Amino acid sequence: MVRNGHAPIVTLPYRAGVGVPPGVEVLDFPGLLARARGHGVDPYSLRRPAFHMLITLTSGTLRCSLDFADHVLGPGDWLWVRPGQVQRYDSPLDAAEGRIVLFLPGFLDRATAERAGADLGVWRPAMVPADTERRSLRRLLDLLEHEYTAWDGRQGAGHVEVLRHLLAALVVRLASVHGSDGGPVAGGEPFLRFRSAVERDFTRSHRVEDYAARLGYSVRTLTRASQAGAGVGAKGYIDNRVLLEAKRLLVHTDQPAGVIGQLLGFPEATVFTKFFRRHTGRTPTAFRLTARLGSGS
């Protein structure tokens, strides 16, 4: 596999396998390869899945990239690919052993999804749990896989709820590896609502005032909540999300910078260029060039 920094992104919708529970699947790597071939998808292409992927290894190593970060996963490591992120496998899937959990946005209950940041399209690093955490994660995954393989289509809604609760336990445990113990999120309800609103509307609005008006908070409240929850003020949080999407589109598509700016809600190409230069020190065109040569960040 040759890495191609400007290969087009494949938007990957969720296509349920035959005879699987609605909304969730548990696959090993051979199963993933077979699934890709069955749908006519190159398993090593750049893709932007419309679903979640929890990737973990039991043996060997796997190289993959996620939103401008390269990862080498070993046994017991985890990587969570969220909908809308740009992901690619950079080493053969048949040279390692592991499992992948696919699930749709909305499959988890709302409280679990919010606490774990499940439906955010922002980059998160790979997880390297401690030994005790790895054992707990492995047991939860084994339970989830056991209930998944027991599905034959006749169990009904009750069995789906068992799968939902087991998956919820797994993602809450994974969230704890990132420093969350499942307790109240820093920034509280204002930050949770702001975070979700930005993910939904960042291509349409870049102003904190707009989000404050829609959510019923003051600008000061959102700024304080974002600072507590993300370590950056509300305006910085919005700008970071816009910037990440701009980088994705610049590196992984051939669309002109002006068109990308329009897609991200900028009224003119010059406004987008000023925004991008202010945050990166480079023009969009210069960033695209250096990133494709392997020196972008």
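The structure under discussion appears in the preceding block.
What you are looking at is a predicted structure, and each value in this text was computed from that prediction instead of being measured. (Residues numbered from 1 in each chain as written. Predicted model: local features only at pLDDT ≥ 70, side-chain atom pairs only at ≥ 80, totals over all residues. Heavy atoms only, no water.)

J.: Please give an account of the overall build of the chain that cites residues and values.
T.: Each helix and strand counted, the chain has eleven helices and nine strands in total. The burial tally for the chain puts 48% of its 297 residues in the buried class. Taking all contacts inside the chain whose residues are at least 6 apart in sequence as the whole, residues at least 24 apart take part in 73%. (Helix = DSSP H or I, 4+ residues; strand = E, 2+ residues; numbered from the N terminus. Buried < 20%, exposed > 50% of the residue type's maximum accessible area, 1.4 Å probe, protein only. Contact = heavy atoms within 4.5 Å.)

J.: Help me get a handle on the sheet that holds strand β4 (residues 52–59), residues and values and all.
T.: In spatial order, the strands read β2-β9-β4-β7; together these four strands make up an open sheet with antiparallel pairing. The sheet is open, and its two edges are formed by β2 (24–28) and β7 (78–81), each paired on a single side. Across this sheet, the average inter-strand angle for adjacent strands is 15 degrees, counted without regard to direction. Direction of pairing for β4 relative to strand β9 (residues 97–103): antiparallel, over a ladder of seven bridges. Its bridge partner being in β9, Thr56 is matched across the sheet by Arg99. Its contacts with the sheet put helix α3 (residues 131–149) on β2, β4, β7 and β9, and the angle it makes with β9 is roughly 65 degrees. Taken strand by strand, helix α4 (residues 157–177) contacts β2, β4, β7 and β9, and its axis lies near 75 degrees from that of β4. (Pairing = 2+ DSSP bridges. Axes fitted to C-alpha atoms, helices over the stretch in contact; angles between N-to-C directions.)

J.: Got a sec to walk through the pattern of salt bridges? Specific residues and values, please.
T.: In total, this model carries 17 salt bridges according to the counting rule given. Notably, a salt bridge pairs Arg134 with Asp77, separated by 2.9 Å at the nearest N-O pair. Of the two residues, Arg134 sits in helix α3 while Asp77 sits in the loop between β6 (69–73) and β7, which places them 57 residues apart along the sequence. Residue Arg99 is joined to Asp142 by a salt bridge in which the shortest nitrogen-to-oxygen separation is 3.1 Å. In this pair, Arg99 sits in strand β9 while Asp142 sits in helix α3, placing the two residues 43 residues apart along the sequence. Overall, Arg99 belongs to the buried group, its relative accessible area being 8%. Several salt bridges converge on common partners, so that one network encompasses Arg48, Asp67, Glu199, Arg241, Glu245 and Arg248. (Salt bridge = Lys/Arg side-chain N within 4 Å of Asp/Glu carboxyl O.)

J.: Now, about the pairing of β2: what can you tell me, with residues and values included?
T.: Within β2, four of the five residues are buried, which leaves it mostly tucked inside the rest of the structure. Direction of pairing for β2 relative to β9: antiparallel, over a ladder of five bridges. Note that in β9 the partner of Leu27 across the bridge is Ile100.

J.: I'd like a description of helix α1 (residues 29–38), backed by residues and values.
T.: Three or more residues of α1 are buried, namely Phe29, Leu32, Leu33, Arg35 and Ala36. Looking straight down α1, one finds that the buried residues subtend no more than 160 degrees of arc, so they occupy a single side. For α1, exposure combined with an orientation more than 90 degrees from the buried face picks out Pro30, Arg37 and Gly38. Where α1 is buried, its residues contact β2, β4, β5 (62–66), β8 (87–89) and β9. (Arc of directions from axis to C-beta.)

J.: Any details on the packing of aromatic side chains? Residues and values, ideally.
T.: One pass over the full model with this rule turns up nine aromatic pairs. Measuring from ring centre to ring centre gives 5.8 Å for Phe191 and Tyr237, while their planes differ by 85 degrees; the resulting arrangement is edge-to-face. Here Phe191, found in helix α5 (residues 188–201), pairs with Tyr237, found in helix α8 (residues 234–252); they are 46 residues apart in sequence, far enough to count as distant. For the residue pair Phe191 and Tyr237, the accessibility class agrees, reading buried in each case. Between Phe276 and Phe287 the ring centres are 5.4 Å apart and the planes differ by 65 degrees, which places this aromatic pair in the edge-to-face class. (Phe/Tyr/Trp six-rings, centres within 6.5 Å; stacked < 30°, edge-to-face > 60°.)

J.: Help me get a handle on the packing of α5 against helix α7 (residues 219–230), residues and values and all.
T.: The geometry of α5 relative to α7 is characterised by a closest axis approach of 8 Å and an angle of 90 degrees between their N-to-C directions. One finds that α5 runs roughly perpendicular with respect to α7. Taking contact as the criterion, the partners of Pro190, Phe191 and Phe194 in α5 are, on α7, Thr221, Leu222, Ala225, Ser226, Gly229 and Ala230. Looking at side-chain class alone, the contact of α5 with α7 contains six nonpolar, three polar and no charged residues. (Parallel < 35°, antiparallel > 145°, perpendicular 65-115°, else oblique. Nonpolar A, V, L, I, M, F, W, Y, C, P; charged D, E, K, R; others polar.)

J.: Could you give an account of the environment of Leu73, with specific residues and numbers?
T.: Tracing the backbone through its elements, the reader meets Leu73 in strand β6. Among the residues examined, Leu73 registers a relative accessible area of 1% and is labelled buried. For the pair Leu73 and Thr56, spaced 17 residues apart in sequence, the C-alpha separation works out to 7.7 Å. Beyond its immediate stretch of four places on either side in the chain, Leu73 contacts Ile55, Leu57, Gly60, Thr61, Leu62, Cys64, Trp78, Leu79 and Ala126.

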